[in-house]
Amino acid sequence: MDGSNGSGGDVTCGSANAFGTCGDGMKCTWIIDARDPTANNCAGTELGHVGCAPLGAKALGDVCGFNSCNDNTTPGSDGTCDDGKPAIGFDDCGLDGSGQYMFCISHHCEQVCDVSGGSPACDNNHSCSQYQNTYGNADTAVAGVCDERCDPVSQRTLDDNTEACRSADVAISGSGSNEKYPEFGCYEDDNADQSARLVDFTCSDSPFGRTAITVPPQCGLPLVSDPARDRQDCTDQESCTVTDNGQEFTIPNGCAPGYVNLLGETNQTGAQVICSAYCAPLDTDTSQSINAIGDATALGKDVTDTAAKAKRATCAPVGQGGKAGASGETCIYGWQFGLDSNTQLLPTNHGPQDIDHIGVCFEDAEYTYDPTGGSNATTPEPSCGVLLPGSGCTVAEDNCGSDLCIDNAGAPTCHETDVACGSGTGSAKGTEADCFAVFHGCYNSIEEGVVDTGSGSASINPHHKPMLSQAVANRGKMGLRTRESGKFRRPGGIH
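Residues numbered from 1 in each chain as written. Predicted model: local features only at pLDDT ≥ 70, side-chain atom pairs only at ≥ 80, totals over all residues. Heavy atoms only, no water.

Participant: Explain the packing of aromatic side chains residue by residue, including any values.
Facilitator: For any pair of aromatic rings, the description consists of the separation of the ring centres together with the inter-plane angle of the planes. Per the counting criterion, the structure on display carries 7 aromatic pairs. Between the aromatic rings of F362 and Y367, the centroid separation amounts to 4.5 Å while the plane-to-plane angle is 20°, which identifies the pairing as stacked. One aromatic cluster is present, built from ring pairs that chain together W30, F66, F103 and Y135. Above the face of the Y259 ring, K323 is positioned so that its terminal group lies 4.6 Å from the ring centre. (Phe/Tyr/Trp six-rings, centres within 6.5 Å; stacked < 30°, edge-to-face > 60°. Lys NZ or Arg CZ within 6 Å of the ring centre and 35° of its normal.)

Written out as structure tokens, the structure reads:
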């Protein structure tokens, strides 16, 4: 697809075809017809369509803008409109170096891509990300843009390890009108597989300076100056969630950089959505309980840090160099949130990040389950550090039926109950003293048997924490990224 090769004849650009051909000097693009928030309707009306527009002169990574305002005037040289509302119309991006269409996202030009996995596609250092009200109204999209992949723990780009996803200001500093903060963060990107969580990550706008539900200041809504971090509430007022017809949905780039709105405060129905810190997990059981808070040698980053540093990738309290918002948190493997609900395996098309390097801080005592396999979920989830060591059995050696199989030096042994604990008796049955770490997702993805061997199955019977599916927050139909805060620019040359 080359936007500059239109013959001026048949035009195939429109509605569900964002990669069609237009006339010479034209491009097939998303044209914004209205972005008109008012004091009485802060969400406003945002409508657009796919159509032909003149090719701009801006190159990949350049600062860009749109050509019109809601009152039919022209934006100023800084790209803003006199009425204080967002600019509309078509952008001034041209073609990238390989002749692909681009679109203006967060005030810079990015390559357009096919969200269905076809052509045009992003390179391996980028992922095709969907945005609300971009190449589709509301939460539908026929195209996306190539966002840069990154490591959510260190907040560095994968391509060249640039701090804070290339933010001009990598850490919070100053106050009031002089406050500076990271414009961008490394956030969860689920476009490859929307049923999986924590399997790919790309750079996107951070909530700093954003208004709630991303509308202009004339609506009277406060600017976000302190986005939610670990164990803090994720709300509409923080531009972390959005409520639609009484239902609350998370915004993927809604927490402070280095945090994710993955969990409810508990796994009870209706629990408040919270943000959780990213961490670097390690295999943990009673023989290696010191690993429970994560890898102290791995690099992590908080928004106050000028660079990623050691110990910050742990769930030690912030005052002790970690990122946890509460004492007693542990770093659990993130792969548990990315499993296919049918196969219980990781998707084969996950991002290039090291899945076993990415975890989240987890306050075990706030989440409950039934260790006997029943529905009486009143027992607090045990920390991996108090659970017994032992490997899961291979598929070939597991003859335990619905019971659990533990490999003891090559000799499989069966244990009663089909959820999380072994075959103890009396007061030990169903307690931590009788539970094995492998049945609580305490080991890496290979050891836990959730990696597809190539035939749609694993060599080890897969396991994970038994209650996690009940703890995950509602992402649902509104779970696309917000397009922009209205004031941020990403430095040029991002690709």
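Let's pick the thread back up.
Participant: Just give me the short version of the side chain of E183, but keep the residues and values in it.
Facilitator: Inspection of the secondary structure assignment puts E183 in the loop between β10 (156-157) and β11 (184-188). One buried charge, E183, has no salt-bridge partner; the nearest side chain with opposite charge is K180, at 9.2 Å. Within the structure, the side chain of E183 is placed 3.3 Å from the backbone nitrogen of D169, a separation counted as a polar contact. (Helix = DSSP H or I, 4+ residues; strand = E, 2+ residues; numbered from the N terminus. Buried < 20%, exposed > 50% of the residue type's maximum accessible area, 1.4 Å probe, protein only. Lys, Arg positive; Asp, Glu negative; His and termini not counted. Salt bridge = Lys/Arg side-chain N within 4 Å of Asp/Glu carboxyl O. Polar contact = N/O pair within 3.5 Å; in protein donor to acceptor, adjacent residues only side chain to side chain.)

Participant: Break down the confidence of the model for the chain for me, with residues and values.
Facilitator: Within the chain, residue pLDDT values average 80, and 77% of them lie at 70 or more. For the chain, helix α1 (residues 468-471) is the element with the lowest average pLDDT, namely 62, and strand β18 (residues 299-300) is the one with the highest, namely 97. A low-confidence stretch, residues 422-428 stays under pLDDT 50, and its non-local contacts, those more than four residues away or across chains, total 13 contacts. Here residues 484-495 is a poorly scored stretch, pLDDT under 50, and it has 45 contacts once near neighbours within four places are set aside; other chains count. (pLDDT = per-residue confidence, 0-100. Contact = heavy atoms within 4.5 Å.)

Participant: If you had to explain the state of the cysteines to someone new, which residues and values would you point to?
Facilitator: Enumeration according to the criterion identifies 14 disulfides in this entry. Bridging C234 to C240, the disulfide has an S-S length of 2.0 Å. Between C234 and C240, the S-S dihedral sits near -100°, and the bridge is therefore left-handed. Note on C240: relative accessible area 0%, which makes it buried. (Disulfide = S-S within 2.5 Å.)

Participant: Give me the lowdown on the sheet that holds strand β8 (residues 144-148), citing residues and values where you can.
Facilitator: Strand pairs in the sheet, formed through backbone hydrogen bonds, run parallel or antiparallel to each other. The antiparallel open sheet is built from 4 strands, whose spatial order is β5-β6-β8-β7. Of all the strands in the sheet, the pair left with one neighbour each is β5 (102-105) and β7 (126-129). Between one strand and the next, the sheet's axes are offset by a mean angle of 50°, whatever the strand orientation. With 4 bridges connecting them, β7 and β8 associate as antiparallel partners. Across the sheet, residue S129 finds its bridge partner in β8, namely V145. (Pairing = 2+ DSSP bridges. Axes fitted to C-alpha atoms, helices over the stretch in contact; angles between N-to-C directions.)

Participant: Break down the pattern of salt bridges for me, with residues and values.
Facilitator: What the rule picks out here adds up to 12 salt bridges. Of the charged contacts in the structure, one is a salt bridge between E188 and R197, with a shortest N-O distance of 2.5 Å. A residue is classified by how much of its surface remains accessible, and E188, at 5% relative accessible area, is buried.

Participant: An account of the pairing of strand β21 (residues 359-362) is requested, with residue identities and associated values reported.
Facilitator: Examined bridge by bridge, strand β17 (residues 273-279) and β21 share 2 bridges and lie antiparallel to one another. Within β21, the position partnered with C279 by the bridge is G359. Bridging between strand β20 (residues 330-333) and β21 involves 4 bridges; their strand directions are antiparallel. Residue pairing for β21: T330 is matched across the bridge by F362.

Participant: Would you mind going over the nonpolar core in detail, with residue names and values included?
Facilitator: V50, F103, V112 and Y135 are the most contacted members of the largest nonpolar core, which totals 26 residues. When residues of this core are traced back to their parent elements, those giving at least two are β1 (26-35), β5 and β6 (108-113). Per element, the largest residue contribution to this core is 4 residues, and it comes from β5. Counting 22 residues, the second largest nonpolar core, distinct from the first, contains C165, A313, F337 and F362. (Core = buried A, V, L, I, M, F, W, Y, C linked by side-chain atoms within 4.5 Å.)

Participant: Pulling in residues and values, what's your account of the environment of S287?
Facilitator: Checked against the element boundaries, S287 lands in the loop between β17 and β18. Only 2.5 Å separates the side chain of S287 from the side chain of D285, close enough to count as a polar contact.

Participant: So what's going on with unusual backbone geometry? Which residues, and what values?
Facilitator: Residue P120 follows S119 across a cis peptide bond; omega there is 5°. Within the fold, P120 resides in the loop between β6 and β7. If you check the backbone angles, R166 has positive phi at about 70° while not being a glycine. Looking at the secondary structure, you find R166 in the loop between β10 and β11. Looking at R166, the relative accessible area reads 13%, which means it is buried.

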